[in-house]
Amino acid sequence: ASRVVVLTGAGISTESGIPDFRGPRGVWTRNPAAEKQSTIQNYLAEPDVRKAAWRARVDSPAWSAEPNAGHHALVALERRGKLHALVTQNIDELHQRAGQSPGLVVEVHGSMRRVMCWECGRRAPMEEALARVRAGEEDPHCPACGGIQKSDTISFGQALVPAVIERALRAASEADL
């Protein structure tokens, strides 16, 4: 095979210390109420849900997680000239941190390392908003328009980005493995 497309999800990052959502030690298994934080309707309508989501973002194990052998194996596949694309549902950017070329990574569910404004669409590094949370803001609104901010990820009830899905489907159709 010379045009390999790899599909990854939560399983590749659990070894790095990032829990999945529904597994035996998953985020929602341990705390069923946490699922509301990932549902766009609840997130937008309920300030308490947003405040809990911001606290969870600050404390996420993903900030200290390091790429594992699985991530590094995919970088090695790229270096051999075999990787055509890496389509991932993960939002942790561990593939890129392992050394994967960002242009090969298709993030179907976005990235937790960015924040976006629901009102004006402004995007910025997540650290900008997290610094405000650490300083005492419970629900940091957009500095440009005052709108609700969230991680730049796809929540339940939120549409996938058509261009991203088209890119993933195109890569898969071009693959020989």
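Anything mentioned here points back to the structure above.
For the structure given in this document, a descriptive report is provided here. (Residues numbered from 1 in each chain as written. Predicted model: local features only at pLDDT ≥ 70, side-chain atom pairs only at ≥ 80, totals over all residues. Heavy atoms only, no water.)

Points about the pattern of salt bridges
Piece 1. Counting across every chain of the model gives twelve salt bridges.
Piece 2. Among the ionic pairs, Glu138 bridges to Lys51, the shortest N-O distance being 3.8 Å. Of this pair, Glu138 sits in the loop between helix 7 (126-134) and strand 6 (149-153) while Lys51 is found in helix 4 (residues 47-58), placing the two residues 87 residues apart along the sequence.
Piece 3. Between Glu128 and Arg122 there is a salt bridge, and its shortest N-O distance comes to 2.8 Å.
Piece 4. On the accessibility criterion, Glu128 (30% relative accessible area) is partly exposed.
Piece 5. A residue is classified by how much of its surface remains accessible, and Arg122, at 25% relative accessible area, is partly exposed.
Piece 6. If you follow the salt bridges from partner to partner, you end up with Glu93, Glu107, Arg114, Arg123 and Asp152 in one network. (Salt bridge = Lys/Arg side-chain N within 4 Å of Asp/Glu carboxyl O. Helix = DSSP H or I, 4+ residues; strand = E, 2+ residues; numbered from the N terminus. Buried < 20%, exposed > 50% of the residue type's maximum accessible area, 1.4 Å probe, protein only.)

Topic: the side chain of Ser16
Piece 1. Secondary-structure assignment places Ser16 in the loop between helix 1 (11-14) and helix 2 (27-30).
Piece 2. Separated by 2.7 Å, the side chain of Ser16 and the backbone oxygen of Glu66 make a polar contact.
Piece 3. Of the polar contacts made by the side chain of Ser16, one reaches the side chain of Asn68; its length is 2.9 Å.
Piece 4. The residues contacting Ser16, other than those within four sequence positions of it, are Ala65, Glu66, Pro67, Asn68, His71 and Leu94. (Polar contact = N/O pair within 3.5 Å; in protein donor to acceptor, adjacent residues only side chain to side chain. Contact = heavy atoms within 4.5 Å.)

Things to note about unusual backbone geometry
Piece 1. In this structure, Glu93 is a non-glycine residue whose phi angle is positive, near 60°.
Piece 2. Checked against the element boundaries, Glu93 lands in the loop between strand 2 (83-88) and helix 6 (94-98).

Focus on the environment of Asn31
Piece 1. Mapped onto the elements, Asn31 comes out in the loop between helix 2 and helix 3 (40-45).
Piece 2. For Asn31, a relative accessible area of 37% puts it in the partly exposed group.
Piece 3. Between the C-alpha atoms of Asn31 and Phe21, which are ten residues apart in sequence, the distance is 9.7 Å.

So, the layout of surface pockets
Piece 1. Taken as a whole, the largest pocket encloses approximately 1,300 Å³ of empty space.
Piece 2. Forming the boundary of the largest pocket are 41 residues, of which Phe21, Val27, Trp28, Ser38 and Ile91 lie nearest the centre.
Piece 3. Elements supplying a minimum of two residues to the lining of the largest pocket: helix 2, helix 4 and strand 6.
Piece 4. Of the residues forming the lining of the largest pocket, the biggest block, six residues, is contributed by helix 4.
Piece 5. Of the residues belonging to the lining of the largest pocket, the class tally is 20 nonpolar, 13 polar and eight charged. (1 Å grid on protein atoms, 1.4 Å probe; cavity = no way out; pocket = protein on both sides within 12 Å on 5 of 7 lines; lining within 4 Å. Points joined across faces, edges and corners; volume = space filled by probe spheres on them. Nonpolar A, V, L, I, M, F, W, Y, C, P; charged D, E, K, R; others polar.)

A short note on the sheet that holds strand 5 (residues 123-125)
Piece 1. Read across the sheet, three strands follow the order 5-4-6 without closing on themselves; strand pairing throughout is antiparallel. Each of the sheet's edge strands pairs with one partner strand only, and the pair in question is strand 5 and strand 6. Strand-to-strand twist of the sheet, defined as the mean angle between neighbouring strand axes without regard to direction, takes the value 45°.
Piece 2. Here strand 4 (residues 110-117) pairs with strand 6 via five bridges, running antiparallel. Within the sheet, the bridge partner assigned to Ser111 lies in strand 6 and is Asp152. (Pairing = 2+ DSSP bridges. Axes fitted to C-alpha atoms, helices over the stretch in contact; angles between N-to-C directions.)

These values are about where atoms sit, not about what they do.
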